[in-house]
Amino acid sequence: MATAKKAPAKKAPAPKAAPAKKVAAKKAAPAKKVAPAKKAAPAKKVAAKKAAPAKKVAAKKVAPAKKIAAKKAPAKKRTPNAAFMKPLTLSPALAAVVGDKPLPRTEIVSKLWVYIKAKGLQDKVNKRMINADDKLKAVFGKAQVSMFEMAGLIGKHIVK
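Quick look at the overall build of the protein chain now. For the protein chain, the helix and strand inventory stands at eight helices and four strands. Tracing the protein chain from N to C terminus, the helices and strands come up as α-α-α-α-β-α-α-β-α-β-α-β. The buried share of the protein chain, taken over its 160 residues, is 20%. Put simply, of all contacts in the protein chain between residues at least 6 apart along the chain, 36% involve residues at least 24 apart. Accessible area for the protein chain stands at about 12,100 Å²; split by element, carbon and sulfur atoms hold 65% of it.

To continue, consider helix α6 (residues 105–119). Here α6 contains 15 residues, and its C-alpha end-to-end distance of 21 Å stays within 8% of the 21 Å for a straight helix at 1.5 Å per residue. Taken together, the buried positions of α6 are occupied by Ile-108, Leu-112, Tyr-115 and Ile-116. Buried positions in α6, seen along its axis, are confined to an arc of 95° and lie on one side of it. In α6, the exposed positions that point more than 90 degrees away from the buried face belong to Val-114, Lys-117 and Ala-118. Residues of α6 that are buried in the fold lie against β1 (89–90), α5 (92–98), β2 (129–131), α7 (134–140), α8 (147–155) and β4 (158–159).

Thresholds applied
Within each chain, residue numbers correspond to sequence positions counted from 1 in written order. It should be noted that, the model being predicted, local features are given only for residues of pLDDT at least 70 and side-chain atom pairs only at 80 or more, the latter also being counted only at that level, while totals for whole chains, interfaces and linings use all residues. Side-chain figures throughout are based on the complete set of non-hydrogen atoms in the structure, without hydrogens or water. Under the scheme used here, helices are H or I runs from DSSP no shorter than 4 residues and strands are E runs no shorter than 2 residues, and both carry numbers assigned from the N terminus. Throughout this description, buried means an accessible area under 20% of the type-specific maximum (1.4 Å probe, protein chains only), exposed means over 50%, and partly exposed covers the range between. By definition, residues are in contact when any of their heavy atoms lie within 4.5 Å. Note on areas: these come from Shrake-Rupley sampling with a 1.4 Å probe, and a residue is covered only by the protein chains present in the view. For a helix, the expected span equals 1.5 Å multiplied by the residue count minus one. When we speak of the arc, we mean the arc of directions from the helix axis to the C-beta atoms.

Below, the structure is given as structure tokens:
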């Protein structure tokens, strides 16, 4: 009879559990009626289920701390590659668009975009396409170019 009195005490915390756990408790209840000796085993499973989510929560709290530490590490200032900053001589066709002075490749592309935006040469429907005017036709060699092709076409007009 001592075990029968302990069973109601164990049932009291079970209704406080989430709905999914209630279903598990109801499935375990018929087993308790059939064999009183098995009462201890389902109670341990419920306790193990409650302990497992607590461990997962603790693990989740530790993970963001690692992510924050990882994000802080690559905060070092990058040194620019000297090859990208090297001034390059331009062909006469490209010099007519961006200027006569030797410029690094990054500046050439930037000045080309300034020219394209100022003249409104970006296609209205498909913004990735650039409609070339007379000066840009001399550089690109065709009437319409995608922005991804542009860098490759500029390379032909740069003298190293």
